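# What the coordinates show
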Amino acid sequence: AHLMQSILGLQLLALGILGVAIHSQAIPIEGLPQTSHDWPNATLVLLKDSMYARCLDGSPGGFYILHSRDPNLSNTWTFSLEGGGECVGKDDCLARASSQLGSSEKWAESMLLGQFQFPSKVWNPKFWGANHVFIKYCTGDLHSGQRWNPSKASFGLRFAGHEIVKETLQYLIDCD
């Protein structure tokens, strides 16, 4: 009975937080754009020229970038690695390879970044105008794999998360 009360309490708390979040979206906040269309989106960069920076299915890895919009923060960079867990076992990894966590084929050309990369001076006063890089996750290896050549041992897949991070950084250095 005590466990059920605790679970029910957590569910009510979650519903309350959700209700506040939904309700707060309807209240205009001075100085903030009112729709997601008013925020600047980050642009997708696919690492097409790299034979190493590949998703599970062999499509190119990539990242989203939102360039600095504040001259005072033009030398400030934030980096974020997308999460998504690891794949474990052949069936899990093969299924993931056909999803957005295993292929770049269906990634959007642009996206709104969140957390410390959110482009709002009011909500993110320290980093709102910095250069933001969001490295997509499509390798099932916690961004640490170095197997870019598919083999029988890797179920015909690539596990090259480390290579995607490395090639992203090299791309940004070369563009500077």
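For the structure, see preceding data.
These notes cover the structure that comes with them. It should be emphasised that the depicted structure is a prediction, and the values quoted were computed from it without experimental measurement.

### Notes on the overall build of the protein chain
- Helix and strand counts for the protein chain come out as 3 helices and 5 strands.
- In the protein chain, the order of α-helices and β-strands from amino to carboxyl end is α-β-β-β-α-β-β-α.
- For the protein chain, the computed accessible surface area is about 10800 Å², with 58% contributed by carbon and sulfur atoms.

### Some words on helix α3 (residues 161-175)
- In this model α3 runs 21 Å from its N-terminal to its C-terminal C-alpha over 15 residues, within 8% of the 21 Å that 1.5 Å per residue would give.
- Lining the buried residues of α3 we find β2 (62-66), β3 (77-81) and β5 (131-135).

### Some details on the environment of Thr168
- For Thr168, the position within the fold is in helix α3.
- Here the alpha-carbon distance between Thr168 and Leu47, two residues 121 residues apart in the chain, equals 7.5 Å.
- Beyond its immediate sequence surroundings of up to four residues, Thr168 is in contact with Leu47, Phe63, Val133 and Ile135.

### Considerations on the packing of aromatic side chains
- Inspection of every chain in the model, using the stated rule, returns 6 aromatic pairs.
- Ring plane angle 70° and centroid distance 5.5 Å describe the contact between Phe63 and Tyr171, whose orientation is recorded as edge-to-face. You can see Phe63 sitting in strand β2 and its partner Tyr171 sitting in helix α3, a full 108 residues away along the chain.
- Judged by centre distance (6.1 Å) and plane angle (20°), the rings of Trp77 and Phe79 are stacked.

### Observations regarding the nonpolar core
- If you look at the biggest cluster of nonpolar residues, it comprises 18 residues, and the most contacted ones within it are Phe63, Tyr64, Ile65, Trp107, Val133 and Ile164.
- Secondary-structure elements contributing two or more residues to this core are β1 (42-46), β2, β5 and α3.
- By size, the runner-up hydrophobic cluster in this structure holds 6 residues, among which are Leu56, Cys93, Leu157 and Phe159.

Conventions we followed
Residues numbered from 1 in each chain as written. Predicted model: local features only at pLDDT ≥ 70, side-chain atom pairs only at ≥ 80, totals over all residues. Heavy atoms only, no water. Helix = DSSP H or I, 4+ residues; strand = E, 2+ residues; numbered from the N terminus. Areas by Shrake-Rupley, 256 points an atom, 1.4 Å probe, with all protein chains shown as cover. Expected span 1.5 Å × (residues − 1). Contact = heavy atoms within 4.5 Å. Phe/Tyr/Trp six-rings, centres within 6.5 Å; stacked < 30°, edge-to-face > 60°. Core = buried A, V, L, I, M, F, W, Y, C linked by side-chain atoms within 4.5 Å. Buried < 20%, exposed > 50% of the residue type's maximum accessible area, 1.4 Å probe, protein only.

In short, the description is geometric, and any link to function would need to be established separately.
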